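Chain by chain, the residues:
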Amino acid sequence: NSLLRREPSSRLGSGEGGYEKLKNHPFVKGTDWGGLHGETPPTLKSGAVFIYKEDQERMEKEKAVLKRKQESEKWKKHLNPGELVVADGLISKKRGMSVKKRHLLLTDGPRLVYVDPKADTTMGQIPWSEDMTIDVKNSKDFVIVTPGRKWLLTSLDKPAHDWEGAIKALLETNE
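Residues numbered from 1 in each chain as written. Predicted model: local features only at pLDDT ≥ 70, side-chain atom pairs only at ≥ 80, totals over all residues. Heavy atoms only, no water.

Points about the nonpolar core
Here's step 1: Counting residues in each nonpolar core, the largest one holds 20 residues, and the members touching the most others are I126 and I144.
Here's step 2: Only β1 (85-95), β2 (98-107), β3 (111-116), β5 (133-136), β6 (141-146), β7 (149-155) and α3 (160-173) provide two or more residues apiece to this core.
Here's step 3: The leading source of residues in this core is α3, at 6 residues.
Here's step 4: Once residues within four sequence positions are removed from consideration, I126 is found in contact with L104, L112, Y114, M132, I144, T146, W151 and L153. (Core = buried A, V, L, I, M, F, W, Y, C linked by side-chain atoms within 4.5 Å. Buried < 20%, exposed > 50% of the residue type's maximum accessible area, 1.4 Å probe, protein only. Helix = DSSP H or I, 4+ residues; strand = E, 2+ residues; numbered from the N terminus. Contact = heavy atoms within 4.5 Å.)

Describing the confidence of the model for the protein chain
Here's step 1: In this model, the protein chain carries an average pLDDT of 87, and 97% of its residues clear a pLDDT of 70 or more.
Here's step 2: When mean pLDDT is compared element by element in the protein chain, β6 scores highest at 97, while helix α1 (residues 18-23) scores lowest at 80. (pLDDT = per-residue confidence, 0-100.)

Quick notes on the environment of E20
Here's step 1: Inspection of the secondary structure assignment puts E20 in helix α1.
Here's step 2: Taking the C-alpha atoms as reference, E20 lies 62 Å from L112; in sequence the two are 92 residues apart.

Regarding the pattern of salt bridges
Here's step 1: According to the stated counting rule, one finds 10 salt bridges in the structure shown.
Here's step 2: The salt bridge involving E20 is made with K23; its shortest N-O contact spans 3.8 Å. Here the residue E20 and the residue K23 both occupy positions in helix α1, the gap between them amounting to 3 residues, near one helical turn.
Here's step 3: Judged by relative accessible area, which is 30%, K23 ranks as partly exposed. (Salt bridge = Lys/Arg side-chain N within 4 Å of Asp/Glu carboxyl O.)

With respect to the environment of D108
Here's step 1: Here D108 lies in the loop between β2 and β3.
Here's step 2: The exposure class assigned to D108 is partly exposed, which follows from its relative accessible area of 30%.
Here's step 3: For D108 and L170, which are 62 residues apart along the polypeptide, the C-alpha to C-alpha distance reads 7.4 Å.
Here's step 4: Dropping the residues within four chain positions of it, D108 is found in contact with E83, L84 and V86.
Here's step 5: One polar contact links the side chain of D108 to the main-chain amide nitrogen of L84, over a distance of 2.9 Å. (Polar contact = N/O pair within 3.5 Å; in protein donor to acceptor, adjacent residues only side chain to side chain.)

Structure follows, in structure tokens:
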């Protein structure tokens, strides 16, 4: 950005062309420079604050981490020390003729842990592997394939694509 240069002589509006160069910048094209002094500045809504995009993104990430920490507290006994829940939800887990209702926890470990929601007992985990794949069949059904096993799952409280996105994001960050 030519306005934010450390050396004043290299900033837009100084040096050759001076203020004319600044006045002709595309950002301020169409400004009535002669009548500018008589203009009324726009009013800001009460409490309005200007926030840089980078600060907004940082605040959103911090808020998400805090939310994960709070959510993880509920599942603490099913987590490893320092582990946070990235995503969770109710699923049906099918194996053979058996269908079990479970609460699936995706952690930043990364791990996939399934819990009996009535007994609040860890029932097992889907082994995490860089060879793991996830295949969404429709809005609710998805399959997680790990070396040696397929996990047939139905999401009961969120779209299957939400699970796909969260799992793929962790697979990519843990490559």
